[in-house]
Amino acid sequence: MPDISITQPHNLSQTDARAAAQKVADKLARDYGLNCKWEGDVLRFARTGVEGALTLGERQAALRIKLGFLMSAFASTIEQKVVDSMRKVFTGP
C-alpha cells in the first residue's frame, strides 16, 4: 500500500488545532467518502482502500494515509489536495 505522510506545523491552541483538523476531516469525508472518528488527539479515518490518521501535536499536525491498490493511482492528486487543505486550515490563507 502506498503511503502519504504530511506534517504541517501550526501555532494554534489545542482547541483550535482540533477544529482545524475537523475541517480537514470533513473535506476528506466529503471528497472521498471516508468515515472519521476521534480517539483522543488522533482522528482516524477509513473506507475501502483508504485508511489513515491525523495526529495533533502541540505545534504540528501529522497525517498518514495508506492507499490500497485502486486508490494508489490517485496518490499524487490526493496528496496535493490534502497538503493544500492542511496548509489553509492550520496556517490561514
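Preceding block: the structure.
Numbering of residues starts from 1 in every chain and runs along the sequence as written. With pLDDT at 70 or above as the cut-off, local features in this predicted model cover only qualifying residues; side-chain atom pairs require 80 or more to be listed or tallied, and sums for whole chains, interfaces and linings still use all residues. Side-chain numbers come from the whole structure's heavy atoms, not from hydrogens or water.

**Student:** Can you tell me about the environment of Gly 92, naming the residues and giving the values?
**Tutor:** To qualify as a helix, a DSSP run of H or I must reach at least 4 residues; to qualify as a strand, a run of E must reach at least 2; elements of each kind are numbered from the N terminus. In this structure, Gly 92 sits in the segment after α3 (75-91). For the pair formed by Gly 92 and Arg 64, sequence separation is 28 residues and the distance between their alpha carbons is 21 Å.

**Student:** Can you break down the nonpolar core residue by residue, with the values?
**Tutor:** The nonpolar core is taken to be a set of buried Ala, Val, Leu, Ile, Met, Phe, Trp, Tyr and Cys residues, with the residues joined through side-chain atoms within 4.5 Å. When a residue's accessible area, from a 1.4 Å probe over protein chains only, is under 20% of the maximum for its type it is buried; when over 50% it is exposed; and in between it is partly exposed. Ranked by internal contacts, the top residues of the largest apolar core, which has 26 residues, are Leu 54, Leu 63, Ile 65, Leu 67, Val 82, Met 86 and Phe 90. Contributing elements (two or more residues each) for this core: β1 (3-9), α1 (14-32), β3 (42-47), β4 (50-56), β5 (60-67) and α3. Of all the elements, α1 adds the most residues to this core, at seven residues.

**Student:** Explain the pairing of strand β2 (residues 35-39) to me, using residue names and the numbers behind them.
**Tutor:** Any two strands with at least two DSSP-identified bridges between them are counted as paired. Strand direction decides the pairing type here: β2 and β3, joined by five bridges, are antiparallel. Counterpart to Trp 38 in the pairing with β3 is Leu 43. Once β2 ends, the chain turns through two residues before running back antiparallel as β3, passing Gly 40 with a positive phi of about 70°.

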